[in-house]
Amino acid sequence: MYHLVKVITKIPRLEGWTCGRTKTTAIVKNVLGQHSFEDSCSELRKSKFSLIVDESTDLSTRFPSDGANVMMRARKSLMTLLTKNVPLSFVLKCICVLLMRRYVEDVTCDIYNYFESSPKRVLEFAKFQNLCKIKIHKILRPFQTRWLSVHAAVARILEQYNDLKSFFVDAVDRNDILAAENVLSRLNDSTTKFFLQFLDYILTFFNNLNREMQSESPNSNSLRA
């Protein structure tokens, strides 16, 4: 609030005008705020707009949302209330969560858990890496709410993707373990690698933004219009 006081008192037409916290608060609430509210209402009355909720960012539809029950269930959800009052609404359920679950949670977690549950398998994979003359790197664990860890886990699997396939082919031939068969089936699916490559590319931008938001020092010189 105090920085607004300094801004207002520097306006040419208001030179010499005193303005403290109380007066500035009144200006923001009763003048600037009211004007913005009326201006927004005027625009909404004459223009079509999208309803964006639950952190959705897709502006191309009437009501984009994820698949949470409170949003999309058949009874007493925002979707049912919206379509009841606005029958012509177009509803689009976001599939990103399902894709993330299939290609991040299932693939990366299954591979991680396969090795994590057995020191013997970790040793066998290290020997396999050494035999193939590849970097001896551990498979990383992704955390659902930490994008930095997800990206690291995805990048590690892509780094050794073909070698992992060869390792699990051998594991299935030697042990016929269901867990190894499931992982091998996913690795043989070309869609898996395609989606992991997409995540490896796009998560770079999210992580860079995440680091900027966590920065303790200002970086105004990098702002763009």
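Keep in mind the model is a prediction, meaning the values are calculated, not measured.

It is worth spelling out the side chain of His151 at this point. Position of His151 relative to the elements: it lies in helix 7 (residues 147–159). Owing to a relative accessible area of 14%, His151 belongs among the buried residues under this scheme. Here Asp200 takes part through its side chain, which lies 2.9 Å from a polar atom of the side chain of His151. When sequence neighbours within four positions are dropped, the list of residues in contact with His151 reads Asp200, Leu203, Thr204 and Asn207.

With that settled, consider the packing of aromatic side chains. The final tally for this structure, using the stated rule, is 10 aromatic pairs. For the pair Phe125 and Phe167, a centre-to-centre distance of 5.1 Å together with 70° between the ring planes defines the contact as edge-to-face. One end of the pair, Phe125, is in helix 6 (residues 119–131); the other, Phe167, is in helix 8 (residues 161–175), with 42 residues separating them in the sequence. Summarising the burial analysis for this pair, Phe125 and Phe167 share the class buried. Consider the rings of Phe167 and Phe168, whose centres lie 5.5 Å apart with planes at 85°: the pair is edge-to-face. On the basis of relative accessible area, Phe168 is assigned to the buried category, the value being 0%. Grouping aromatic residues by their ring pairs yields a cluster made of Tyr114, Phe115, Phe125, Phe128, Phe167 and Phe168. Its end group placed over the ring of Tyr114, Arg121 keeps NZ or CZ at 4.1 Å from the ring centre.

Looking at the second largest pocket, its volume works out to about 210 Å³. Along the walls of the second largest pocket sit 13 residues, with Phe115, Val122, His137, Lys138 and Ile139 positioned nearest its centre. Elements supplying a minimum of two residues to the lining of the second largest pocket: helix 5 (96–116) and helix 6. Tallying contributions element by element places helix 6 first for the lining of the second largest pocket, with four residues.

Summed over all chains, the structure comprises five salt bridges. For Arg156, the salt bridge goes to Glu159, with nearest N and O atoms at 3.7 Å. Taken as a pair, Arg156 and Glu159 lie in helix 7 at a separation of three residues, close to a single helical turn. Judged by its relative accessible area of 18%, Arg156 is buried. Of the residues examined, Glu159 reaches a relative accessible area of 39% and is grouped as partly exposed. Salt-bridge contacts for Arg174 lead to Asp170; the nearest nitrogen and oxygen are separated by 2.6 Å. Taken together, the residues Arg174 and Asp170, both in helix 8 and four residues apart, mark about one turn of the helix. Arg174 gets classed as partly exposed once you look at its relative accessible area, which sits at 41%. By relative accessible area, which is 33% here, Asp170 ends up partly exposed. The structure contains a network of salt bridges with shared partners spanning Glu124, Asp170 and Arg174.

Turning our attention to the nonpolar core. By size, the foremost hydrophobic cluster in this structure holds 27 residues, and its most contacted members are Ile111, Phe115, Leu164 and Phe168. Taken together, the elements giving at least two residues each to this core come down to helix 5, helix 6, helix 7, helix 8, helix 9 (178–188) and helix 10 (190–214). Residue contacts for Ile111: discarding those within four places in its chain leaves Ile139, Ile157, Val183 and Leu187.

When two helices pack together, you describe them by how their axes are tilted relative to each other and by the distance separating the axes. Packing of helix 8 against helix 9 brings their axes to within 9 Å, and their N-to-C directions diverge by 145°. By crossing handedness, the relation of helix 8 to helix 9 is classed as left-handed. Residues Tyr161, Leu164, Lys165, Phe168, Val169, Ala171 and Val172 of helix 8 form the contact with helix 9, whose participating residues are Ala180, Glu181, Val183, Leu184, Arg186, Leu187 and Asn188. By residue class, the composition of the contact of helix 8 with helix 9 is 10 nonpolar, one polar and three charged.

Attention now moves to the packing of helix 6 against helix 8. Running from N to C, helix 6 and helix 8 point in directions that differ by 125°, and their axes come no closer than 11 Å. The angle between helix 6 and helix 8 places the two elements in the oblique class. Viewed along their axes, helix 6 and helix 8 form a crossing whose handedness is right-handed. Contacts between helix 6 and helix 8 involve Arg121, Glu124, Phe125 and Phe128 from the former and Asp163, Leu164, Ser166, Phe167 and Arg174 from the latter. Grouping the constituent residues of the contact of helix 6 with helix 8 by class yields four nonpolar, one polar and four charged.

Calculation criteria
Residues numbered from 1 in each chain as written. Predicted model: local features only at pLDDT ≥ 70, side-chain atom pairs only at ≥ 80, totals over all residues. Heavy atoms only, no water. Helix = DSSP H or I, 4+ residues; strand = E, 2+ residues; numbered from the N terminus. Buried < 20%, exposed > 50% of the residue type's maximum accessible area, 1.4 Å probe, protein only. Polar contact = N/O pair within 3.5 Å; in protein donor to acceptor, adjacent residues only side chain to side chain. Contact = heavy atoms within 4.5 Å. Phe/Tyr/Trp six-rings, centres within 6.5 Å; stacked < 30°, edge-to-face > 60°. Lys NZ or Arg CZ within 6 Å of the ring centre and 35° of its normal. 1 Å grid on protein atoms, 1.4 Å probe; cavity = no way out; pocket = protein on both sides within 12 Å on 5 of 7 lines; lining within 4 Å. Points joined across faces, edges and corners; volume = space filled by probe spheres on them. Salt bridge = Lys/Arg side-chain N within 4 Å of Asp/Glu carboxyl O. Core = buried A, V, L, I, M, F, W, Y, C linked by side-chain atoms within 4.5 Å. Axes fitted to C-alpha atoms, helices over the stretch in contact; angles between N-to-C directions. Left-handed = near helix turned anticlockwise from the far one by under 90°. Nonpolar A, V, L, I, M, F, W, Y, C, P; charged D, E, K, R; others polar. Parallel < 35°, antiparallel > 145°, perpendicular 65-115°, else oblique.

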